[in-house]
Amino acid sequence: MDDLLFIRQLDLSVPVDALRGWHFRPGAFERLTPPWERAIVLEPMETLADGARVVIEVGIGPFRRRWVAEHELTATGFVDRQIEGPFAFWEHDHRFEPLDEEKSRLTDVIRYRLPFGRIGRVLGARFVAQRLDRLFRYRHAMTLAMLEEAL
């Protein structure tokens with residue numbers, strides 16, 4: 001079954017090194033988690049590096065689920081992949097690109113598959129797409145506000 005795809009971009013008036021550095025600082029996940037999301041970091045990463053893992057507990061309806069993500073550094077940023085969690089597959093590519101010396105672009109590319117095959121896709125695709133849209137509207141608004149305020 002084909003992967004589902006979510007892409008969101010944000011252009012910022014900050015240099016790419018500032019954008020990248022902000023995401024690599026400890027606590028980035030917590031800074032970007034909306035107050036309505038029931039996500040608790042159980043085992044944080046010390047440093048964002050190849051092979052670094054984070055363990056999070058997420059709320060899915062009335063249930064709680066453990067989510068383990070492993071990270072890989074890339075030429076343009078980093079990728080986190082679900083090792084254990086609520087999706088059949090999850091890969092989130094965080095890309096930081098310079099637009100010029102003072103501007104940059106953040107691109108989030110998420111490829112994912114829902115559990116339970118076709119039934120999961122039919123019943124959950126719209127819900128997950130809406131949840132991702134709301135989540136990344138918040139995350140990008142927070143990134144913009146915090147980074148541009150800091151400079």
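For the structure, see preceding data.
Values in this document were obtained by computation on a predicted structure and should not be read as measured data.

1. Points about the overall build of the chain
Helices and strands together make up the secondary structure of the chain, namely 3 helices and 7 strands. Listed N to C, the secondary structure of the chain is β-α-α-β-β-β-β-β-β-α in terms of helices and strands. A globule of 151 residues ought to have a C-alpha radius of gyration of about 15 Å, and the chain, at 16 Å, matches this closely. Structurally, the chain occupies a C-alpha span of about 45 × 30 × 30 Å along its principal axes. The buried share among the 151 residues of the chain stands at 40%. Intrachain contacts of the chain at a sequence separation of at least 6 include 50% that bridge at least 24 residues. For the chain, the exposed surface amounts to about 8800 Å²; the carbon and sulfur share of it is 55%. With 22 positive and 24 negative side-chain charges, the chain shows a spacing of 8 Å between the two charge centroids.

2. A closer look at the side chain of serine 104
By the secondary structure assignment, serine 104 is in strand S7 (residues 104–113). Take serine 104: its relative accessible area is 0%, and that puts it in the buried class. At a separation of 2.9 Å, a polar atom in the side chain of serine 104 contacts the main-chain carbonyl oxygen of valine 14. Aside from chain neighbours lying at most four places away, what touches serine 104 is Leu10, Asp11, Leu12, Val14, Pro15, Val16, Leu19, Glu97, Pro98 and Leu99.

Rules used throughout
- Residues numbered from 1 in each chain as written.
- Predicted model: local features only at pLDDT ≥ 70, side-chain atom pairs only at ≥ 80, totals over all residues.
- Heavy atoms only, no water.
- Helix = DSSP H or I, 4+ residues; strand = E, 2+ residues; numbered from the N terminus.
- Rg over C-alpha atoms; globule rule 2.2 N^0.38 Å.
- Buried < 20%, exposed > 50% of the residue type's maximum accessible area, 1.4 Å probe, protein only.
- Contact = heavy atoms within 4.5 Å.
- Areas by Shrake-Rupley, 256 points an atom, 1.4 Å probe, with all protein chains shown as cover.
- Lys, Arg positive; Asp, Glu negative; His and termini not counted.
- Charge placed at Lys NZ, Arg CZ, Asp CG, Glu CD.
- Polar contact = N/O pair within 3.5 Å; in protein donor to acceptor, adjacent residues only side chain to side chain.

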